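For reference, the chains in residue letters:
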Amino acid sequence: MKALRRSVTAALWALLSYMTFEGSAWAAPRVPDRDDVVVATLPATVREAGAPELRALKAAFAKKPGDVLLAARLARHYVELGRVSGDPRFAGYAQAVLSPWWSKADAPEDVLILRAVLAQRLHRFDAALIDLGRVLESNPRSAQALLTRATVYQVQGRFPEAGADCDRLHGLVPMPYVAACATAVAAATGQLRAAYDALLSVRRDVSPTDTDTAAWLDGLLAEMAERGGRLREAERHYRNALGAAPDDQYLLAAFSDFLLDRDRPREVLALLRERRAADPLLLRYALAATKTADPASADSVRQLRDRFEASRRRGDRVHLREEARFVLALTRDPVRALPLARENWSVQKEPADAIVLLEAATRAGDADAIAEVRRFVSATRLEDVRLAGLLRGSANPVGESLRNPK
């Protein structure tokens, strides 16, 4: 489902001149003592794609700070830069640009949608749904609002509502976007193989020059294939997607998990060595480093511990899944990991969330939490070979030893 979030947000900005990534949680701020000190270096893709247009938008907005359409364009640009870089500061820049309209219940449609996208990014899903509902009350044909709301519903495990919004997209967006939305719902509700085959057919029709569309479809296909145990297909799709979008944070995290579950941690180290700014990627790097007894292991674990502590002090709970996995796998404390996994499960219910909760519950001996995941999988007919292995009570299900290195 992570790939769907990526695909939906890419579709939003592509359709309406313009995504969301859960930004990293930084530790203590570092204040330079000179003006010429470099405090951060953005990925090349961010610098190259963002700089010229960003300069032009900032200059135009400085001349017309009350122009809401111009403000929305600049905010969307910041959101996209934040997605690509994984840097949460861009979300703050976007909110600052929209500050004259930010707190208004009757804000213009563009502001409501951006407010919802940023709320989704912070896992404030109910707040996002309120703003999206306001948009759709006044404009039932808003493709951007429908796509975003379908994504939020799916993250929450509310598949009937998500499917209804996907159905409403017919005639509003190009077919690849309709297919991505609908097949993601089908893949999570007992139709995984059919959904994969249907989306693969759509992918084959994408022009070789349309690399953005090809990348997000390959990302979706990779996750479907992996959940279905079609590992060669999954790896091919992951590599194709990353070939087109090498700095995409979702794809890097998902492919790193795939490699870890295949007992290939050294490939993860090579993939992420220069990409550890975002917490989800640092976590995968630390798991791989621990597995290989890499010298960077201890420092990576220390950085993660500091970042999660800083997140708690700020009241930022975006990365509960990652923190639960960190506590479970790298500090080996299932009793402390279980409440984190439970809190995360109360907010979002993607397959990765179910896996973390189930692993923590199994190791902590919590039968109620195990039963809760089992009921969810049964009710939704969710198909995932990793979950199935865990639910069968396998002594070493797919990926368990790698997600929890000894």
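Before going further, it helps to spend a moment on the overall build of the chain. When helices and strands are tallied, the chain shows 22 helices and zero strands. Expressed as a percentage of the 406 residues in the chain, the buried residues total 58%. Carbon and sulfur atoms form 53% of the exposed surface of the chain, whose accessible area is close to 17100 Å².

Take the packing of aromatic side chains next. Applying the stated rule across the entire model yields nine aromatic pairs. Following the ring pairs from residue to residue traces out a cluster consisting of Y78, F90 and Y93. Lying across the ring of F258, R262 places its NZ or CZ 4.9 Å from the centre.

The next subject is unusual backbone geometry. Trans peptide bonds make up the majority, and among non-glycine residues the majority have a negative phi. Phi is positive for H123, which is not a glycine, with a value near 65°. Here H123 shows up in the loop between α5 (109-121) and α6 (125-138). Although it is not a glycine, R381 sits at a positive phi angle of roughly 65°. Note that R381 resides in the loop between α20 (367-380) and α21 (385-391).

Moving on, we get to helix α8 (residues 159-167). Where α8 is concerned, the buried positions are F159, A162, G163, D165 and C166. Buried residues of α8, seen end-on, are gathered within an arc of 160° and therefore sit on one face of the element. Exposed and oriented more than 90 degrees from the buried face of α8 are P160 and D167. Along its buried surface, α8 packs onto α7 (143-155), α9 (175-187) and α20.

Another point: the packing of α5 against α7. Running from N to C, α5 and α7 cross one another at 20°; their axes reach a closest spacing of 11 Å. Judged on the interaxial angle alone, α7 and α5 are roughly parallel. The hand of the α5/α7 crossing is left-handed. Here I113, V117 and Q120 of α5 lie close against α7, whose contacting residues are Q144, A145, T148, T151 and V152. The residue makeup of the contact of α5 with α7, split by class, is four nonpolar, four polar and no charged.

Moving on, we get to the confidence of the model for the chain. Of the residues in the chain, 84% have a pLDDT of 70 or more, and the chain-wide mean is 86. Taking the mean pLDDT of every element in the chain, the minimum, 38, falls on helix α22 (residues 400-403) and the maximum, 98, on helix α14 (residues 265-272). Confidence over residues 394-406 falls short of pLDDT 50; this stretch has 37 contacts with residues more than four positions distant or in other chains.

This next bit is on the environment of V97. Along the chain, V97 turns up in helix α4 (residues 89-97). When its relative accessible area of 8% is taken as the criterion, V97 is described as buried. The spatial distance from the C-alpha of V97 to the C-alpha of A71 is 6.0 Å, given a sequence separation of 26 residues. Each residue touching V97, except ones within four places of it in the same chain, is listed here: F61, A71, L74, A75 and Y78.

Ranked by internal contacts, the top residues of the largest apolar core, which has 130 residues, are L169, M224, L304, F326, L330 and L387. Those residues in contact with F326 that sit more than four places away from it in its chain are L283, V301, L304, R305, F308 and T331.

Another aspect to go through is the pattern of salt bridges. Applying the stated criterion across every chain, the model contains 34 salt bridges. R239 is paired through a salt bridge with E267; the nearest N and O atoms lie 3.4 Å apart. With R239 in helix α12 (residues 231-244) and E267 in helix α14, this residue pair connects regions lying 28 residues apart in the sequence. A salt bridge links R312 to E323, with the nearest nitrogen and oxygen atoms 2.1 Å apart. Placement of R312 in helix α16 (residues 297-314) and of E323 in helix α17 (residues 320-329) is noted, with a sequence separation of 11 residues between them. Relative accessible area serves as the criterion here: at 3%, E323 is assigned to the buried category. A single salt-bridge network, built from bridges that share partners, covers E309, R312, R313, R317, E323 and E343.

Attention shifts here to the side chain of E226. By secondary structure assignment, the location of E226 is in helix α11 (residues 211-227). E226 gets classed as buried once you look at its relative accessible area, which sits at 5%.

About the thresholds
- Residues numbered from 1 in each chain as written.
- Predicted model: local features only at pLDDT ≥ 70, side-chain atom pairs only at ≥ 80, totals over all residues.
- Heavy atoms only, no water.
- Helix = DSSP H or I, 4+ residues; strand = E, 2+ residues; numbered from the N terminus.
- Buried < 20%, exposed > 50% of the residue type's maximum accessible area, 1.4 Å probe, protein only.
- Areas by Shrake-Rupley, 256 points an atom, 1.4 Å probe, with all protein chains shown as cover.
- Phe/Tyr/Trp six-rings, centres within 6.5 Å; stacked < 30°, edge-to-face > 60°.
- Lys NZ or Arg CZ within 6 Å of the ring centre and 35° of its normal.
- Arc of directions from axis to C-beta.
- Contact = heavy atoms within 4.5 Å.
- Axes fitted to C-alpha atoms, helices over the stretch in contact; angles between N-to-C directions.
- Parallel < 35°, antiparallel > 145°, perpendicular 65-115°, else oblique.
- Left-handed = near helix turned anticlockwise from the far one by under 90°.
- Nonpolar A, V, L, I, M, F, W, Y, C, P; charged D, E, K, R; others polar.
- pLDDT = per-residue confidence, 0-100.
- Core = buried A, V, L, I, M, F, W, Y, C linked by side-chain atoms within 4.5 Å.
- Salt bridge = Lys/Arg side-chain N within 4 Å of Asp/Glu carboxyl O.

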